[in-house]
Amino acid sequence: SIGAVSFVSCSIDDDLACGIAENIKDGDDITQINMNHNKIGTKGIKVLAESFKTLKNLTHLHLYGNPIDDDGFVVLFSALKDLKLLYFIDIRETKIGIRGLNSLSELLKSNSKLKMQGLTFNKDNIIALNQKKSLNLLLYFLYLQYLKL
């Protein structure tokens, strides 16, 4: 039984992430994946997402500090929708924007148990939200965070 898989601060880039994705696919005994503080971007997370959706016992996913953008998050959150045991996602200090937040909103609607770890809005996120007049979306996510404390 594997349980937790941790690749924290291992300088994993998109190419390495693709290799990891192939090795974790269908890992029924994987419950936690920690890939905090790496260099996983859109290409890597898209391939990982395909593997993540096969991990039916996944409860925790840590992606803190990776340069994942909206394109990556849309694919990731779509892939996670059927993981009913998923309880916790950490996406702090990423490049999530409006499309990513909209996709996250859909994921949260499909999984009421899911908790987000301190969703961080950096200066670029707030500027993008402001330019798109999506302050309500920002307030909605802050409210969700408050409810899950």
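Residues numbered from 1 in each chain as written. Predicted model: local features only at pLDDT ≥ 70, side-chain atom pairs only at ≥ 80, totals over all residues. Heavy atoms only, no water.

**As for the environment of lysine 115**
For the record, the criterion: Strands here are runs of E lasting at least two residues and helices are runs of H or I lasting at least four, both read from the DSSP assignment and numbered beginning at the N terminus.
Following the sequence through the fold, lysine 115 ends up in strand 5 (residues 115–116). In this structure the C-alpha to C-alpha distance between lysine 115 and aspartate 90, which are 25 residues apart in sequence, comes to 8.7 Å.

**A closer look at the side chain of serine 51**
Here is the rule: Note on definitions: a residue-residue contact is assigned when non-hydrogen atoms from the two residues lie within 4.5 Å.
Within the secondary structure layout, serine 51 lies in helix 2 (residues 42–52). If sequence neighbours within four positions are ignored, serine 51 has contacts with Ala21, Glu22, Ile24 and Lys25.

**Some words on helix 2**
So the rule is basically this: With a 1.4 Å probe rolled over the protein chains alone, any residue whose accessible area is under 20% of its type maximum counts as buried; one over 50% counts as exposed, and the rest are partly exposed.
Those residues of helix 2 lying buried are Thr42, Gly44, Ile45, Leu48, Ala49, Ser51 and Phe52. Those residues of helix 2 that are buried are in contact with helix 1 (14–24), strand 2 (30–34), strand 3 (60–62) and helix 3 (70–80).

**Section: the nonpolar core**
To keep things clear, this is the line we draw: As used here, the term nonpolar core means buried Ala, Val, Leu, Ile, Met, Phe, Trp, Tyr and Cys residues forming a set that is joined through side-chain atoms within 4.5 Å.
Membership of the largest hydrophobic core comes to 34 residues, with the highest contact counts inside it found for Ile33, Met35, Leu48, Phe52, Leu76, Phe77 and Leu80. Secondary structure elements with two or more residues in this core: helix 1, strand 2, helix 2, helix 3 and helix 4 (98–110). No other element matches the 5 residues that helix 3 contributes to this core. Setting aside anything within four residues of it in sequence, one finds phenylalanine 77 in contact with Ile89, Ile91, Ile96, Gly100, Ser103, Leu104 and Leu107.

**Section: the pairing of strand 2**
The side chains of a regular strand alternate between both faces of the sheet. For the record, the criterion: Here a strand pair is declared whenever DSSP counts at least two bridges between the two strands. For crossovers, right-handed means that the path from the first strand over the helix to the second runs clockwise, given strands pointing away from the viewer.
Pairing analysis gives 4 bridges linking strand 1 (residues 3–6) to strand 2, with the strands arranged parallel. Its bridge partner being in strand 2, glycine 3 is matched across the sheet by isoleucine 30. On the question of chirality, the crossover connecting strand 1 to the parallel strand 2 by way of helix 1 is right-handed. With 3 bridges connecting them, strand 2 and strand 3 associate as parallel partners. Residue pairing in the sheet places asparagine 34 in a bridge with histidine 62 of strand 3. The β-α-β motif built from strand 2, the intervening helix 2 and the parallel element strand 3 has right-handed crossover chirality.

**A word on the packing of helix 3 against helix 4**
Describing two packed helices takes the angle between their axes plus the distance from one axis to the other. For the record, the criterion: All axes are obtained by fitting lines to C-alpha atoms, using only the stretch in contact for helices, and the reported angles, taken between N-to-C directions, cover 0 to 180 degrees. In what follows, roughly perpendicular refers to angles from 65 to 115 degrees, roughly parallel to angles under 35, roughly antiparallel to angles over 145, and oblique to any angle outside these ranges. Amino acids are sorted into nonpolar (Ala, Val, Leu, Ile, Met, Phe, Trp, Tyr, Cys and Pro), charged (Asp, Glu, Lys and Arg) and polar (every other residue, Gly among them).
For the pair helix 3 and helix 4, the least separation of the axes is 8 Å and the interaxial angle reads 10°. What the angle tells us is that helix 3 and helix 4 run roughly parallel. Within the contact between the two elements, helix 3 uses Asp70, Asp71, Phe73, Val74, Phe77, Ser78 and Leu80 and helix 4 uses Ile98, Arg99, Gly100, Ser103, Leu104 and Leu107. Residues of the contact of helix 3 with helix 4, tallied by class, amount to 7 nonpolar, 3 polar and 3 charged.

**Some remarks on unusual backbone geometry**
Residue serine 11 is not a glycine yet carries a positive backbone phi of 55°. Note that serine 11 resides in the loop between strand 1 and helix 1. Backbone geometry at histidine 37 places phi at a positive 55°, although glycine is not the residue there. Within the secondary structure, histidine 37 sits in the loop between strand 2 and helix 2.

**Thoughts on the pattern of salt bridges**
Definition in use: When a carboxyl oxygen of Asp or Glu lies within 4 Å of a side-chain nitrogen of Lys or Arg, that pair is called a salt bridge.
With the rule as written, the count across this model stands at 6 salt bridges. Between aspartate 15 and lysine 43 there is a salt bridge whose closest N-O contact spans 2.9 Å. One end of the pair, aspartate 15, is in helix 1; the other, lysine 43, is in helix 2, and 28 residues separate them in sequence. Residue classification places aspartate 15 among the exposed positions, given a relative accessible area of 52%. The shortest N-O distance in the salt bridge between arginine 92 and aspartate 90 comes to 2.7 Å. Note on arginine 92: relative accessible area 23%, which makes it partly exposed.

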